[in-house]
Amino acid sequence: MATFAKGTFNAARYASSRPTYPRQLYDFIFKHHERAKGARWDTAVDVGCGTGQATVELTPFKRVIGVDPSARMIEQATESVKSRLAGLDLSSQIEFVQSSAEDLGFLQDGSVDLIVAAQAAHWFKWDKFWPEAARVLRKDGTFAAWGYSEFRLSRYPSATPLINAYAQGSDPKDSLGPYWERPGRTILDNHLLDVPDPTQALPGQFSSFERVFFTGAHYPALPNPRPVILRKSLTWAELMGYFRTWSPLHTYHEKYPEDLERPDGDIATRFWRTLKEEVARVEKTEIPKDEDIVEIEWPLALILARKA
C-alpha cells in the first residue's frame, strides 16, 4: 500500500487500467443486504475506496462516503466521480474522507447500513477493523469485501504457468514475486481465506459470515466455486498499461533501474511479449498486434458479514 503514496505513482493511469467490477457483483451484495428483516438504505461507506470505482455504485443509499488513507487517492476519486457522473449533481449524496479503515471516528455508533471494501481488505488490521465495523454498523447492517487474485487469459490456460512465474516467482531478477507488499498480496492470492470470521472474533456482534468464490475452474479446491464474473476485453497495448500499474513493478525498478534501459524492453515488456508468443503458438498464427483484443479474467472472492 505504500506504493500508492509515492510521488512516482500515477493514480489516473491506475484508475483507467484496473478491472471494472460488474453490475452482477453489486446486485449480489444488495440482494444479500435487503434479505435482512431490518435492512435500511440510508448510509453506505466504501473503506479503502481508492479512485472511487465502487463508491459511485452505492447510490441506492441516500448518503455515500468514500474513505481512503491516501490523499492522492481521495483527490483522484473526487475528480473521477465528477467525470463519471457528468451532468448529475450527486455532490450532496457522495463525499470523500481521508482516513484509515480502522479509524472511522467521524461516524457515529450504529449509523451505517453498508460497508464495502473493494480490493482493499487485504491491508486491514482485522483486530482493529472488526470492532470498528461493529461499532458503526446499524443492526442488520452489512459488510461486504471482495478481492481478485492473479489475472488469467480466458482462452489460454497454457499461459497460466507463465503468469505465475512472472507474478509469483522467487527469482528477484526475473520475477516480481519478491516485490509484492506482504502479507497483503498473500491474502489476496489466498482468496481472503485469512480474513478472520467476525462471529468468532467478536461473539454476539455479528450474526452471520459467508465466503463466496467467483473463481470458476481456476481453483477447484475452493468450496462451491461459482463462475467467474470479473472480466475485461483489452487491446494488447491496454494490457501493457495494466501491467504498468502493478506496485511490485515500481519496486523492482527502484532496485534495478538499468532494467528500463534494456534494448529488448524492461521486465514487464518481456513478459508481455512472452504472453503474445504463447497465444501465437496456441493459435498457430502470427504474434498478435498491439491493437488486437485479448480477453482477461480475474478470480474473485467475496466475504459477507451481517451485524447482529
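Residues numbered from 1 in each chain as written. Predicted model: local features only at pLDDT ≥ 70, side-chain atom pairs only at ≥ 80, totals over all residues. Heavy atoms only, no water.

Focus: the environment of Ile115
Inspection of the secondary structure puts Ile115 in strand 4 (residues 112–118). Between the alpha carbons of Ile115 and Thr142 there is a distance of 6.3 Å; along the sequence they are 27 residues apart. Leave out the neighbours within four places in its chain, and Ile115 touches Val45, Val47, Phe129, Ala133, Val136, Leu137, Thr142, Phe143 and Ala144. (Helix = DSSP H or I, 4+ residues; strand = E, 2+ residues; numbered from the N terminus. Contact = heavy atoms within 4.5 Å.)

Some remarks on the packing of aromatic side chains
Summed over the entire model, instances satisfying the criterion amount to 31 aromatic pairs. Summarising the aromatic geometry, the rings of Tyr26 and Trp146 are spaced 5.9 Å apart at their centres and angled 90° between planes, so their arrangement reads as edge-to-face. With Tyr26 in helix 2 (residues 23–34) and Trp146 in strand 5 (residues 137–148), this residue pair connects regions lying 120 residues apart in the sequence. Grouping residues by exposure puts Tyr26 and Trp146 together as buried. With a centroid separation of 3.9 Å and 5° between ring planes, the pair formed by Tyr166 and Phe271 is classed as stacked. Taken together, the positions of Tyr166 in helix 5 (residues 160–168) and Phe271 in helix 10 (residues 267–283) put the pair 105 residues apart, joining distant regions of the chain. Under the relative-accessibility criterion, Phe271 is labelled buried at 5%. Every member of this aromatic cluster is reached through a ring pair, and the members are Tyr21, Tyr26, Trp146, Tyr148, Phe151, Tyr166, Trp180, Tyr242, Phe243, Trp246, Phe271 and Trp298. When the ring centre of Trp180 is taken as reference, the NZ or CZ atom of Arg185 above it lies at 4.3 Å. (Phe/Tyr/Trp six-rings, centres within 6.5 Å; stacked < 30°, edge-to-face > 60°. Buried < 20%, exposed > 50% of the residue type's maximum accessible area, 1.4 Å probe, protein only. Lys NZ or Arg CZ within 6 Å of the ring centre and 35° of its normal.)

Notes on the sheet that holds strand 9 (residues 293–298)
Strand order across the open sheet formed by three strands is 6-9-8, with antiparallel pairing between neighbours. Two strands bound the open sheet, and with one partner strand each, they are strand 6 (152–153) and strand 8 (230–235). Inspection of the sheet shows strand 8 paired to strand 9 by six bridges, in the antiparallel sense. From the neighbouring strand, Ser233 faces strand 9, where its bridge partner is Glu295. (Pairing = 2+ DSSP bridges.)

Points about the packing of helix 9 (residues 247–255) against helix 10
Across the interface, helix 9 lies against helix 10 with an axial gap of 10 Å and an inter-helix angle of 130°. Here helix 9 is positioned oblique relative to helix 10, judged by the angle of their axes. The segment helix 9 lies against helix 10, with Leu249, Tyr252 and His253 engaging Ile267, Ala268 and Arg270. Taken together, the residues of the contact of helix 9 with helix 10 break down into four nonpolar, one polar and one charged. (Axes fitted to C-alpha atoms, helices over the stretch in contact; angles between N-to-C directions. Parallel < 35°, antiparallel > 145°, perpendicular 65-115°, else oblique. Nonpolar A, V, L, I, M, F, W, Y, C, P; charged D, E, K, R; others polar.)

Focus: the pattern of salt bridges
Summed over the entire model, instances satisfying the criterion amount to 19 salt bridges. For the salt bridge of Asp42 with Lys62, the shortest nitrogen-to-oxygen distance reads 3.4 Å. Placement of Asp42 in the loop between helix 2 and strand 1 (43–47) and of Lys62 in the loop between strand 1 and strand 2 (63–68) is noted, with a sequence separation of 20 residues between them. Overall, the relative accessible area of 65% leaves Lys62 in the exposed class. Salt bridges sharing partners connect three or more residues here, namely Arg40, Asp42, Lys62, Asp113 and Arg138. (Salt bridge = Lys/Arg side-chain N within 4 Å of Asp/Glu carboxyl O.)

A short note on the confidence of the model for the protein chain
When pLDDT is averaged along the protein chain, the result is 93; 92% of the residues meet or exceed 70. Here residues 2–6 scores under 50 on pLDDT; set against residues more than four positions off or in separate chains, the count is 14 contacts. (pLDDT = per-residue confidence, 0-100.)

Brief notes about the sheet that holds strand 1
If you trace the seven strands from one edge of the open sheet to the other, you get 3-2-1-4-5-10-7, paired in mixed fashion. Single-partner strands in this sheet number two, and they are strand 3 (94–98) and strand 7 (206–214). Across the sheet, the mean angle from the axis of one strand to that of its neighbour is 15°, orientation sign disregarded. Here strand 1 runs beside strand 2; their pairing, made up of five bridges, is parallel. By the bridge assignment for strand 2, Val45 is matched with Ile65. Along the sheet face, helix 2 touches strand 4, strand 5, strand 7 and strand 10 (300–307) and points at about 20° away from the line of strand 10.

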